[in-house]
Structures are given as structure tokens and as C-alpha cells.
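What follows is each chain in one-letter form.
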Amino acid sequence: MPHPLGDELTELHVHLGGAVDPAAMWGIAHSQGIRLPTKDYWEFVELITVHPKRRKSFEDFLELYHWTELIQSSPIAVEQAVYEVIGGAYRKANITTLELRYNPLKRNRGGERDVDHIIMASIRGLDRAALEYPVKVGLIFCLDRTFGRELNEIVVDKAIQYRKRGVVGIDIAGPHDNEFRYSDYAALYKRARKAGLGLTVHAGEDEDWHSVDEVVRHLEPDRIGHGIHAAQDAGLCKRLAERGIHLEICPSSNLDTKVVRDLDELQELIAVFRKHKVHFSFNTDGPEMLQTTLRDELKLAVRANLVSRDELEQCGQWALEASFLQPGAA
Ligand SMILES: [Zn+2]
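Here the structure is a predicted model, which means the values were calculated and not measured. (Residues numbered from 1 in each chain as written. Predicted model: local features only at pLDDT ≥ 70, side-chain atom pairs only at ≥ 80, totals over all residues.)

## Quick notes on the overall build of the protein
To keep things clear, this is the line we draw: Numbering goes from the N terminus for both helices and strands, where a helix is a DSSP run of H or I of at least four residues and a strand is a run of E of at least two. Between the two quantities, the radius of gyration covers C-alpha atoms and the globule rule is 2.2 Å times the number of residues to the power 0.38. Buried means a residue has 20 or more other C-beta atoms within 10 Å of its own C-beta, exposed means 12 or fewer, and partly exposed covers the counts in between; C-beta atoms are placed from the backbone. Here, residue contact means that the backbone-derived C-beta atoms of the two residues sit within 7 Å.
Looking only at helices and strands, one finds 13 helices and eight strands in the protein. For 330 residues, the compact-globule estimate of 2.2 N^0.38 gives 20 Å, and the C-alpha radius of gyration of the protein, at 18 Å, lies within 12% of that figure. Counting only C-alpha atoms, the protein reaches 50 × 45 × 40 Å along its principal axes. Relative to its full complement of 330 residues, the protein shows a buried share of 48%. Contacts in the protein between residues far apart in sequence, at least 24 positions, make up 74% of those at least 6 positions apart.

Right, dumping it as C-alpha cells:
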């Protein structure tokens, strides 16, 4: 029987910490006996979600991950979380190609849990979901801007170690840190590429176009997470197009975290990408945390004139082509 929602979709940019249904998170927290700051379910929902009517600052938004990451910090919790996200994405949006990202070193309670147990649990969640739904799924491991090089190197080592088990790429995410320089990660990114991993990196989200420029120069990624502010520089857009670097655009996320002022500004920025023929696709970033679905994001994109219907179809094709799950990719 065909899926009631129609076309199959691809999503490239989803964080595990923002993608699990609050009811499932509540269940996982309770089954592990985690002491939450509230005993009220609706207060808990408020604690781990953003709503367009009560947008949070970019820093407040990243703070939401504190609770979701803590709740997901055990093998059983990670397995269940990964399993829930993939099934939910298929049921709610007919997403059949999905890349799910998380930082395994933010799921082991500062070293209290063994990181290999955490990773194997996430792979079990992936495998279980793939048994139940017709989906192609892979994991992306996130390095963190607040981690030192040594910790981030462990994330890359683990991604390489588990490459044949479902890990398809690496990313850099997390809050701004004064010590952090993208250029410090050139050698590690090169090593990951050589090992066959796909490369993406958050840039140009709360930062301006220079961050995207730096990333392109030093890390040579296949894709960029957000990258929305790359539109501030025409020369950079031309290089993105020439090199075929794909932007993982997340409309509601950018609006809800206020890194983009409003839909008009978002439309202006995306118009620049269209003009320079930069490849991009639409993503949720974290559908449950932002209370959206990929289908809602696509509807918004057309309704707000970010793209035409034909262009939207093209974006879907680009997303599929840019997926690290494609045979022959990365
Ligand atoms: Zn993100």
C-alpha cells in the first residue's frame, strides 16, 4: 500500500537530541529514573521544545539539548531514541532516506558510560528501525566546538571505526567557543575523507559568511549545515556552486533561534543561492524540539516563496544526490 503522505523524502540534517517525540523522551527519562527539574509533563514539554510564539535565543536553544542529551545518555536510551526518530520520520513525513546526527561523547555522562556501548546501541536502534520500515538510514557523528582537539579526535576515530556499521559522516556542531578554529580541523577532516566518510560542518548559522568561507578553504566539506549566511557574499556563493557543496538549510530552526530575522530575510538569502545555482535542500534540524516535520518545512518553503514547486522538487533531488548513503558517495 502506498504511504498516505505521498512522495518519499530525504532528510540530511537532524540532531538526535532534537528529534525524539517528547512523550517518548518522558518515557525514556522515567524508565531510567532520571531526576527531572519538573514532575509535570507539560512543563517537561516546554523544557525541551521551542514554539514560534515563544522563540528562544540561539544560546537558549542550544541549552535545550542539555536535557535531551542527558536523558539519551545510556545505551538503552540511545537505542530507543534512534529507533523512535527513524520510525517517526517515516510515519509522519515518509522520510525514506535519513541521516541522523549526534555526538557519542555527549551521551556517555562524561565518561561514566563506555562510548562503544553507546555507539553500538545507536546502531542497534538503526538496525531495528530498518527492519520495520523501508528506510535507508545512517549516522553522522558530531564533533563539538567546545571540545578540545583530543576529544574531537576520538569522535573522528570512532566514526572511522564504525564506518562499515552505519556511520556515514562527520560534522562539527555546538555552541560558539572563543578557542575554536575550523582551520585546526583540516588534518582530521582529511583523514575522515580518506577513510570514506562524508563531510559536513555547521557554519554560517549564527556566524556570518566568513565562517563558511573558512570551512570551504580548510575543511573542503561535501555539505554545510545551515550555511544560510553564505548568501552575504556573491564570490563565496559562486565557489559553493562550482564545487558542488550542498547547503542543508533549516528554515524554522533559523527563524525560531532568531539567526534569521523573518521570512522576508530568509527569502532574500535563498534568492541569492538560487541566482548563483548553489545546491541546497530543506531540513528540520530537530523536528520534535522545533515542533515541525519535514513536510511542514517544504510547505513553508513554497508558501513563503522561498522556492517554486519545481525548484522544491529539484531540492529533493539534490538532497538525495548529496546524501552520504548513496552508493558511490563519499
Ligand atoms: Zn544543526
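## Focus: the nonpolar core
Worth spelling out the cut-off: Here a nonpolar core is just a set of buried residues of the types Ala, Val, Leu, Ile, Met, Phe, Trp, Tyr and Cys, joined wherever their C-beta atoms sit within 7 Å.
Within the largest apolar cluster, 93 residues are counted, with the highest numbers of intra-cluster contacts made by V82, V85, I86 and L100. Ranked by residue count, the leading element in this core is helix α4 (residues 75-93), at 10 residues. Once residues lying within four places of it in the same chain are set aside, the contact partners of L100 are V14, L16, V82, V85, V137 and L139.

## Looking at the sheet that holds strand β8 (residues 280-282)
So the rule is basically this: By the convention used here, strands pair only if DSSP detects at least 2 bridges between them. Only the contacting stretch of a helix is used when fitting its axis, a line to C-alpha atoms as for every element, and angles between N-to-C directions run 0 to 180 degrees.
The eight strands lie next to each other as β1-β2-β3-β4-β5-β6-β7-β8, forming an open sheet whose pairing is parallel. Because the sheet does not close on itself, it has two edges, and the strands there are β1 (9-15) and β8. Going across the sheet, the axis of each strand differs from the next one's by a mean of 25°, ignoring polarity. As defined by bridge partners, strand β6 (residues 223-226) adjoins strand β7 (residues 246-249) across three bridges and the pair is classed as parallel. Bridging from a neighbouring strand, R223 pairs with H246 of β7. Here helix α6 (residues 149-161) sits on the sheet in contact with β3 (136-144) and β4 (167-173), set at roughly 160° to β3.

## Side note on the pairing of β3
Sheet faces and side chains relate simply in a regular strand, where the side chains alternate between the two faces. Heads up, the rule is: Looking down the strands as they point away from the viewer, one classifies a crossover as right-handed if the path from the first strand across the helix to the second runs clockwise.
Within β3, seven of the nine residues are buried, leaving the element largely enclosed by the surrounding structure. Here strand β2 (residues 95-102) runs beside β3; their pairing, made up of six bridges, is parallel. Pairing of L98 across the sheet is with V137, part of β3. What joins β2 to β3 is helix α5 (residues 115-132), and the crossover it makes is right-handed. Note: β3 against β4, six bridges, orientation parallel. Counterpart to D144 in the pairing with β4 is A173.

## Some points on helix α13 (residues 309-322)
Stated precisely, the cut-off is as follows: Expected span of a helix, by definition, is 1.5 Å for each gap between consecutive residues, and there is one gap fewer than residues.
Given a rise of 1.5 Å per residue, 14 residues ought to cover 20 Å, and the 20 Å separating the end C-alpha atoms of α13 matches this to within 8%. Looking at the buried positions of α13, the neighbouring elements they touch are β1, β6, β7 and β8.

## Considering the environment of L266
For L266, the position within the fold is in helix α11 (residues 263-275). Beyond its immediate stretch of four places on either side in the chain, L266 contacts P251, N254, L255, V260 and L306.

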